[in-house]
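# Structural overview for review
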Amino acid sequence: MAHFYSRITFIIGLILGAVLAFYMQRYVMVEKKSGTTAHLGPNYSHYNKWFKKQGLSRKAVLWDNMRYSNISIYKESDYLYSHINIHCLVIVKNTANFAAILDTWAKGCNFISSITIEPRHQIMPSVQDRNKSSWVLLCKYLSGLDSSSLDWVLVVKDTTFLLLENFRQYVAPLNASEPLYLGHAIKFWGFAYNSGDPGYALNKAAILLFQKQVDEVRCLENSYRNKEDFYLGKYLMQLNITPVNTADEYGLSTFHPYNWYHMFHSKDNYYVNSVFPVKCCSKSSIAFQATEGSRMYTFNYLFYKLQIFTSGHYGNQPFKSSVPDNEPWKKILRDHNIKSENISSDEYYRLWENLINDPNSFAANLKKEQFSNYDN
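These notes cover the structure that comes with them. (Residues numbered from 1 in each chain as written. Predicted model: local features only at pLDDT ≥ 70, side-chain atom pairs only at ≥ 80, totals over all residues. Heavy atoms only, no water.)

### Considering the overall build of the chain
In plain terms, the rule: Each helix is a run of H or I in the DSSP string that is no shorter than four residues. Each strand is a run of E no shorter than two, and both are numbered from the N terminus. The rule is simple: take the accessible area with a 1.4 Å probe, protein chains only, and divide by the maximum for that residue type; under 20% is buried, over 50% is exposed, in between is partly exposed. When checking whether two residues touch, look at their non-hydrogen atoms; a contact exists if any pair is within 4.5 Å. Only the protein chains shown count as cover for residues, with accessible areas throughout obtained via the Shrake-Rupley method and a probe of 1.4 Å.
Secondary structure assignment for the chain yields 14 helices and nine strands. The buried share of the chain, reckoned over its 376 residues, is 37%. For the chain, contacts bridging at least 24 residues in sequence account for 75% of all contacts bridging at least 6. Accessible area for the chain stands at about 23700 Å²; split by element, carbon and sulfur atoms hold 55% of it.

Here you go:
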């Protein structure tokens with residue numbers, strides 16, 4: 001009989017939990033539709049107003065001039081780099097991926113650091129050290145971070161690719177005194193937080209507020225320790241810091257939790273937990289999944305190396321040889337102690353006939369010339 005009542009109690013609890021979860025999810029969706037959550041997506045009119053307030057002006061420069069000329073060019077991205085200090089924090093599970101990050105998009109960070117997560121053993125179960133979990137390591141890092149010289153902290157996985165130029169342009173006109181928490185918002189157990197897959201960003205105001213409320217002792221409170229994005233969002237919600245809609249002014253997404261293939265060939269169930277509508281893809285996209293280090297090099301080439309030259313002349317100039325066109329044959333004469341350059345065509349032909357008697361000897365002499373050291 002006791003077993004019967006325990007089963008009844010379990011079933012009732014399960015039903016109540018499901019009803020509560022449904023109610024809370026419905027509440028989040030109603031709040032989104034009612035427009036009570038702010039929209040802080042990229043808006044170029046706001047950015048241009050901010051740009052003019054800095055007393056700056058701009059003009060277009062050809063890629064041809066930037067790549068090949070000796071003209072000194074101070075780019076808009078250089079100004080943003082020097083005025084918006086970004087601290088990049090990478091959660092590392094694969095050291096090869098982190099090495100690829102250092103070689104590629106991390107060059108846009110003002111400062112970069114990492115926390116390393118020990119891999120779980122798939123075959124043999126092992127006791128996990130609570131102090132080395134992703135949440136505890138992240139929480140301790142943020143609580144002890146010196147925020148005096150930074151404007152933003154970007155937390156990403158080692159599979160994420162960032163376009164920091166787009167991020168700086170996005171955050172430049174935002175109110176620095178307001179705590180902000182940016183990323184791709186998803187919902188779980190009735191509240192919203194930013195997913196760790198595309199990464200998430202906290203400004204200085206949010207970091208300072210977090211540090212006042214959370215210390216190293218509180219970092220050890222949770223049991224689901226490897227859901228660092230979930231627990232960070234939970235703590236921030238208690239501080240009234242919640243995710244915002246980061247779609248651009250056209251409603252196109254900027255923080256992408258999947259790779260480009262899934263973004264272009266998306267399915268409805270990919271975004272069932274997304275708080276805000278997802279629509280691919282903003283031309284000012286900020287983050288997406290690269291999945292592995294080798295692809296980061298490919299994306300880095302496509303974004304930063306490959307350019308289409310529609311005009312210009314620096315890159316189209318012919319190669320300038322160090323030897324003038326009329327010098328090679330004169331050099332041959334000097335090498336064979338023929339001082340006079342006024343020789344007839346017959347004499348010149350006989351000279352070459354003596355040097356090269358047949359195709360085999362020509363190939364042998366050519367090979368000899370190739371491996372000769374003319375400096376000795």
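### Some details on the packing of aromatic side chains
The line we're drawing: Only Phe, Tyr and Trp rings are paired, with Trp represented by its six-membered ring, and only when their centres lie within 6.5 Å; those with planes under 30 degrees apart are stacked, over 60 edge-to-face, the remainder tilted. Here, over-ring charges are defined by two tests on the NZ atom of lysine or the CZ atom of arginine: distance to the ring centre within 6 Å, and angle to the ring normal within 35 degrees.
In total, this model carries 17 aromatic pairs according to the counting rule given. Pairing Tyr193 with Phe230 gives two aromatic rings, centres 5.5 Å apart and planes at 90°, and the pair type is edge-to-face. Taken together, the residues span a long stretch of sequence, with Tyr193 in strand 7 (residues 191-194) and Phe230 in helix 9 (residues 228-238) at a distance of 37 residues. Given the relative accessible area of 2%, Tyr193 is considered buried. The buried category is assigned to Phe230, whose relative accessible area is 8%. Ring geometry for Phe299 versus Phe303: centroids 6.5 Å apart, planes at 35°, classification tilted. Here Phe303 and Phe299 lie together in helix 11 (residues 293-305), a separation of four residues that amounts to about one turn. On the accessibility criterion, Phe299 (14% relative accessible area) is buried. The rings of Trp135, Phe188, Phe191, Tyr193, Phe230, Tyr231 and Tyr235 are connected pair by pair, giving a single aromatic cluster. Seen from the ring of Phe51, Arg58 lies directly overhead, with NZ or CZ sitting 4.0 Å from the centre.

### Topic: the pattern of salt bridges
Selection rule: Whenever Lys or Arg places a side-chain nitrogen within 4 Å of a carboxyl oxygen from Asp or Glu, that contact is recorded as a salt bridge.
The full count for this structure, using the stated rule, is four salt bridges. Asp78 is paired through a salt bridge with Lys75; the nearest N and O atoms lie 3.4 Å apart. A relative accessible area of 27% places Asp78 in the partly exposed class. Lys157 is the salt-bridge partner of Asp197, the closest N and O atoms lying 2.9 Å from each other. Within this pair, whereas Asp197 is found in the loop between strand 7 and strand 8 (200-203), its partner Lys157 is found in strand 3 (residues 152-157), the two being separated by 40 residues in sequence. The exposure class assigned to Asp197 is partly exposed, which follows from its relative accessible area of 28%. Given a relative accessible area of 27%, Lys157 falls into the partly exposed group.

### Some points on helix 2 (residues 44-53)
Let me state the cut-off plainly: Each C-beta atom gives one direction from the helix axis, and the arc is the one those directions make.
Within the sequence span of helix 2, burial applies to Tyr47, Trp50 and Phe51. Seen end-on, helix 2 carries its buried residues on one side only, within an arc spanning 100°. Facing away from the buried side of helix 2 by over 90 degrees, the exposed positions are Lys49, Lys52 and Lys53. Against helix 4 (76-83) and helix 7 (164-171) lie the buried residues of helix 2. After helix 2 finishes, the residue Gly55 shows a positive phi value of roughly 75°.

### As for the sheet that holds strand 5 (residues 181-182)
Basically, it comes down to this: Whether two strands pair comes down to DSSP finding at least two bridges between them. Orientation is described by lines fitted to C-alpha atoms, with helices fitted over the stretch in contact, and by angles between N-to-C directions that extend from 0 to 180 degrees.
An order of 2-1-3-8-5 is seen for the five strands of this open sheet, with the pairing classed as mixed. A strand with exactly one partner marks an edge of an open sheet, and here the two such strands are strand 2 (111-116) and strand 5. Here strand 3 runs beside strand 8; their pairing, made up of four bridges, is antiparallel. Paired with Leu154 across the two strands is Ala201, which belongs to strand 8. Sitting on the sheet, helix 8 (residues 204-213) is in contact with strand 3 and strand 8, with an inclination near 80° to strand 8. Across the sheet, helix 9 touches strand 1 (86-92), strand 3, strand 5 and strand 8, and the angle it forms with strand 8 is around 35°.

### Thoughts on the pairing of strand 6 (residues 185-188)
Bridge count between strand 6 and strand 7: four bridges; the pairing is antiparallel. Paired with Lys187 across the two strands is Ala192, which belongs to strand 7. As consecutive antiparallel partners, strand 6 and strand 7 are separated by two residues, and within that stretch Trp189 has a phi angle of approximately 50°, a positive value.

### Digging into the environment of Arg168
This is how it is decided: Distance and chemistry together define a polar contact, namely a pair of N or O atoms within 3.5 Å, with one atom able to donate a hydrogen and the other to accept it when in protein, and with adjacent residues in sequence counting only for side-chain atoms on both sides.
Locating Arg168 in the fold gives a position in helix 7. Overall, the relative accessible area of 3% leaves Arg168 in the buried class. For the pair Arg168 and Asn85, spaced 83 residues apart in the sequence, the C-alpha separation amounts to 9.0 Å. Those residues in contact with Arg168, other than ones at most four positions away along the chain, are Leu80, Tyr81, Ile84, Ile86, Gly108, Cys109 and Asn110. Looking at Arg168, its side chain comes within polar contact range of the main-chain oxygen of Ile84, at 3.0 Å. Here Gly108 takes part through its backbone oxygen, which lies 2.8 Å from a polar atom of the side chain of Arg168.

### Remarks on unusual backbone geometry
In this structure, Cys281 follows Cys280 across a cis peptide bond, with omega equal to -15°. In this structure, Thr291 takes a positive phi of about 75° despite not being glycine. Counting through the fold element by element, Thr291 comes out in the loop between strand 9 (287-289) and helix 11. For Thr291, a relative accessible area of 31% puts it in the partly exposed group.

Read these as layout, nothing more, since geometry by itself doesn't imply function.
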